[in-house]
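Here are the chains, one letter per residue:
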Amino acid sequence: MKRRGGVVLALATIVVAALASTAGAGSSAVTATQAINCKSTVKLALITPLTGGGGFIGQEQLSWSKYAVKTLAKKYGLKVQLLQGDTPVEKGPGEALVVAQKFISDPKVLVAIGPATSGGVASASGALTAAGIAQISPSATRTSLTKGANREATNAFFRVVPGDYIQGPTDANYMVDKLNAKKVAIVDFQEPYSVGLADAAETVLKKKGVSVTRLSTSVNTTDFSSLVTRVPGDAEVVFFPTQQPADAQTFGQQLLEQGKRAKVFGGDGSNSPDQFKLAGSYVSNFAPDISGIASSKALIDGWKKDNPSATLGSFGPPSYLAVEVALNAIKKACDAGKGKIANRKLVIRNIKKINLKTSILGGPFRFSTKSNDPLNAKFYIFQIQSNGSYKLVG
Amino acid sequence: MDTFIQLTLNGLTLGSVYALIALGYSLVYGILKLLNFAHGDVFMVGSFIGFGVLQLLGGSTDPVVPIWLLLVAITLAAMAGCAVLGVAIERFAYRPLRDAPRIAPLISALGVSFFLAYSMQLLFGAEQRDYDAFSMDDGALFFKGFDIGNVRVPLLRIIIIVAAFVLMALLWVLATRTRTGKAMQATSYDREAAAMMGIDIDRVIVFAFVLGSALAGAAGVLFALRAPTFPSIGFLAGLKGFTAAVIGGIGSIPGAMAGGLILGFAEAYTQGYISTKWSDLLVFVILILFMLFRPQGLLGKADIRKV
């Protein structure tokens, strides 16, 4: 009897789950075509790791997104609410989809600022697009999101930063052309960001005749001593595309501890003057140091006023730009619909047409006609100085 | 040969820290038969206490006291703070469940683990914290030391290894040569009989938490002197400590020490000679193999039950 009851309970659970999923699909289909009154509050959904090991990225993006909403909503005559979806990197890329599902059912969510990570984009882009929600990522750089036969993101995915197909070769070319490297060690962390970047750099380095030693470690590694032991003593550069700047610092120190003189070369993930400050090392980044851009000074001052204890990093300003692109497109869709947006897919079309004369990252901003990546974007190389500051060198 | 010496040094450094963590698991398990899954998070809190005291004393670049005193102060502060935390955990999370089914304190332990990790994250943020020992005394801790062949043994590693072994030796003396240690052994052997012999069981249990947590605090500081710390670091560190305790024989003090060192060497040699990819995997393969083929560990005693 008990057994039969268990079977009935299991069947009932399956039926309820099936009904629930159907209801979810139905509601996302309805919300995708629901009209939005521009006088009411429209919502942006920030999808980023706010907690966990990558929390520093999300917190920086959150502070700049909030600041962008505060300063730009008025400019565009919109009432805007910023929702937050936490996707700790420890929960894996699938968490972005879980978070996205919550936003999909809210008809007032018009644009997702994110997902922040490439894995998150690959996981959630399909569902968000099916619901008519555009995605503008301020930090997802994996090449295959927007390029190649097996594109991982949909046409509703945009990013305001260039992809790793630019970063990897930029870094590799700098190592060969400027640092005259003949022997390079590359370390990846067995996750999409660093593997993609490491692969892109390795391809260029090998083409240029550089001897490459490829090493790999877990993203959970914090003591790199034994990895350092594997780095050839005569390597001139170690390419270390981590998403944890403090790891790059530790790795560099442990290289010196073992008497190895190779320069550490980090990607955009290790770009943090607070945490990676080993003199002589290099980092690349998708954004210039905006503190050197005169037109961005007022924005930085305003953000600092709202966030007095925060340090200006490289992950925040692109979030400001992503919000700006989103609000600009919403405004255009509102104007075209005379105060109404017939459905949220119209916002996607307007994002594609965006053309800003100036942006917080410097210079004009628009998307490429061939992909949804920024037009003419490039990566910048910085060298860490003895006082810990980052000097633009390439 | 140089590679072997370097990897041995790496393994010894890492293993010393694992051994200190494993001792906490073994002490508590030996007496309460409880897997204290919050122990890794006590380690994390210790590393944060050390970081806080380091900042209070002027930080690594401009300390207000000599470096040796700074290192002693942050270690003792972490040990004291974690000892208090251990007492609080025992009092509020485990003692009320002492007579409950064994699953209840286990779930409570997991709850405490999450509580500590997320509380620290809420209070101090998710970002990594670096002691920046590299900047202490112009890098003396990294560059001074002695050489074995072509391998430099830096001062910092010597400090970590010696400190860990001194703490282990003190614990060994305490457990085998003092009345309290003998009371702990008696309680571990048979709690009810020990109580009938007049041993204050509550006191012994609290003492085991004090010792285990203080060692975790010290391990937190010793670890964070070489690698950054963050609120979620306790989970993996705890798992490694638990694995070390299982390898050595959970409940056995010398077993925990041996297990920690074996694990450290296994990780270092795997990374150095086999592949840097497989070290974490190897750790848990070792754990599974021990659970399957020698659940009592290397130095533990098989649990014989009358039926």
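Residues numbered from 1 in each chain as written. Chains lettered and ligands numbered in written order. Predicted model: local features only at pLDDT ≥ 70, side-chain atom pairs only at ≥ 80, totals over all residues.

Caption draft 1: Layout of the overall build of chain A. The helix and strand inventory of chain A stands at 11 helices and 16 strands. Relative to its length of 394 residues, chain A is compact, with a C-alpha radius of gyration of 22 Å against a globular reference of 21 Å. When its C-alpha atoms are laid out on the principal axes, chain A stretches across 70 × 65 × 40 Å. Looking at chain A as a whole, 53% of its 394 residues are labelled buried. Restricting to contacts in chain A with at least 6 residues of sequence separation, those with at least 24 account for 72%. (Helix = DSSP H or I, 4+ residues; strand = E, 2+ residues; numbered from the N terminus. Rg over C-alpha atoms; globule rule 2.2 N^0.38 Å. Buried ≥ 20, exposed ≤ 12 C-beta atoms within 10 Å, placed from the backbone. Contact = placed C-beta atoms within 7 Å.)

Caption draft 2: Looking closely at the overall build of chain B. When helices and strands are tallied, chain B shows 12 helices and two strands. Traced from its N-terminal end to its C-terminal end, chain B shows the element sequence α-α-α-α-α-β-β-α-α-α-α-α-α-α. For 307 residues, the compact-globule estimate of 2.2 N^0.38 gives 19 Å, and chain B sits close to it at 19 Å. Based on the C-alpha atoms only, the size of chain B along its principal axes is roughly 60 × 40 × 35 Å. A buried classification covers 53% of the 307 residues belonging to chain B.

Caption draft 3: Geometry of the confidence of the model for chain B. Residues and elements named next belong to chain B. Averaged over all residues, the pLDDT of chain B equals 90, while 98% of them reach at least 70. Across chain B, the secondary-structure element scoring lowest on mean pLDDT is helix H12 (residues 279–293), at 86, and the one scoring highest is helix H2 (residues 39–56), at 96. The complex prediction reports pTM at 0.78, with the ipTM value standing at 0.84. (pLDDT = per-residue confidence, 0-100.)

Caption draft 4: Here's a closer look at unusual backbone geometry. Between Gly 114 of chain A and Pro 115 of chain A the backbone carries a cis peptide bond, its omega angle lying at -5°. Relative to the helices and strands, Pro 115 of chain A is located in the loop between strand S4 (109–113) and helix H4 (118–130). In this structure, Lys 338 of chain A is a non-glycine residue whose phi angle is positive, near 50°. Along the chain, Lys 338 of chain A turns up in the loop between helix H10 (317–336) and strand S12 (340–341). The phi dihedral of Asp 132 of chain B falls on the positive side, at around 55°, and the residue is not glycine. Within the secondary structure, Asp 132 of chain B is located in the loop between helix H4 (103–124) and helix H5 (140–143). Residue Asp 132 of chain B is classed as partly exposed on the basis of its 19 C-beta neighbours within 10 Å.

Caption draft 5: Looking closely at the interface of chain B and chain A. Counting residues at the interface gives 28 residues for chain B and 31 residues for chain A. Elements with a minimum of two residues in the side of chain B that touches chain A: helix H1 (2–32), strand S2 (151–154), helix H10 (233–248) and helix H11 (253–274) of chain B. With five residues, H1 of chain B is the single largest residue contributor to the side of chain B that touches chain A. Partitioning the side of chain B that touches chain A into residue classes produces 12 nonpolar, 10 polar and six charged. (Nonpolar A, V, L, I, M, F, W, Y, C, P; charged D, E, K, R; others polar.)

Caption draft 6: Up close: the packing of H1 of chain B against helix H6 (residues 155–177) of chain B. Residues and elements named next belong to chain B. Between H1 and H6, the least distance of the axes is 9 Å, while the angle of their chain directions is 35°. Both H1 and H6 take part in a crossing whose hand is left-handed. Contacts between H1 and H6 pair Leu 9, Leu 12, Thr 13, Ser 16, Val 17, Ala 19, Leu 20 and Leu 23 from the former with Arg 157, Ile 160, Ile 161, Ala 164, Phe 165, Leu 167, Met 168 and Leu 171 from the latter. Its residues placed into classes, the contact of H1 with H6 shows 13 nonpolar, two polar and one charged. (Axes fitted to C-alpha atoms, helices over the stretch in contact; angles between N-to-C directions. Left-handed = near helix turned anticlockwise from the far one by under 90°.)

Caption draft 7: Quick look at the environment of Ala 262 of chain A. Residues and elements named next belong to chain A. If you trace the backbone, Ala 262 turns up in the loop between helix H8 (245–257) and strand S10 (263–266). Assessed through the 24 C-beta atoms surrounding it within 10 Å, Ala 262 is described here as buried. Residues Ala 262 and Pro 232, spaced 30 residues apart in sequence, show a C-alpha to C-alpha distance of 9.1 Å.

Caption draft 8: A look at H4 of chain B. Residues and elements named next belong to chain B. The end-to-end C-alpha separation of H4 is 32 Å, in line with the 32 Å expected for 22 residues at 1.5 Å each. Where H4 is buried, its residues meet H2, helix H3 (67–94) and H10. Gly 125, located one to two residues past H4, shows a positive phi value of around 85°. (Expected span 1.5 Å × (residues − 1).)

Caption draft 9: Representation of the packing of H11 of chain B against H12 of chain B in the model. All names here are of chain B. At a minimum axis separation of 9 Å, H11 and H12 run at an interaxial angle of 140°. In terms of orientation, H11 lies oblique with respect to H12. Along this stretch, H11 crosses H12, giving a crossing that reads as right-handed. Contacts from Leu 263, Ala 266, Glu 267, Thr 270 and Gln 271 in H11 reach Ser 279, Leu 282, Val 283 and Ile 286 in H12. Considered class by class, the residues forming the contact of H11 with H12 number five nonpolar, three polar and one charged. (Parallel < 35°, antiparallel > 145°, perpendicular 65-115°, else oblique.)

Caption draft 10: Representation of H4 of chain A. Residue and element names in this part refer to chain A. Taking 1.5 Å per residue, 13 residues should reach 18 Å; H4 reaches 19 Å between its end C-alpha atoms and fits that length. If you look at H4, its biggest bend is around 45°, right at Ala 124. Buried within H4 we find Ser 118, Gly 119, Gly 120, Val 121, Ala 122, Ser 123, Ala 124, Ser 125 and Leu 128. (Bend = angle between axes of the 7 residues up to and from the residue.)

Caption draft 11: A look at the sheet that holds strand S8 (residues 211–216) of chain A. Residues and elements named next belong to chain A. Taken together, seven strands build an open sheet; the order of strands is S8-S7-S9-S10-S11-S15-S16 and the sheet is mixed. The outermost strands of the open sheet, each flanked by one partner alone, are S8 and strand S16 (390–392). Between one strand axis and the next, the sheet turns by 25° as a mean value, whatever way the strands run. Where strand S11 (residues 282–285) and strand S15 (residues 380–384) come together, four bridges link them in antiparallel fashion. Residue pairing in the sheet places Ser 284 in a bridge with Ile 381 of S15. In the packing of helix H6 (residues 192–207) onto the sheet, the strands contacted are strand S7 (183–188), S8 and strand S9 (237–239), and the crossing angle to S7 comes to about 165°. Each of S9 and S10 touches H8; the most contacted strand, S10, lies at about 165° to it. (Pairing = 2+ DSSP bridges.)

Caption draft 12: A look at the sheet that holds S4 of chain A. All names here are of chain A. Strand order across the open sheet formed by five strands is S3-S2-S4-S5-S6, with parallel pairing between neighbours. Looking at which strands have only one partner, the edges of the open sheet turn out to be strand S3 (79–86) and strand S6 (157–159). Taken pair by pair, the neighbouring strands of this sheet meet at an average axis angle of 25°, ignoring direction. The pairing of S4 with strand S5 (residues 134–137) spans three bridges and is parallel. In the strand pairing of S5, Val 111 is matched with Ala 134. Across the sheet, H4 lies against strand S2 (41–48), S4, S5 and S6, angled at about 160° from S5, the strand it touches most.

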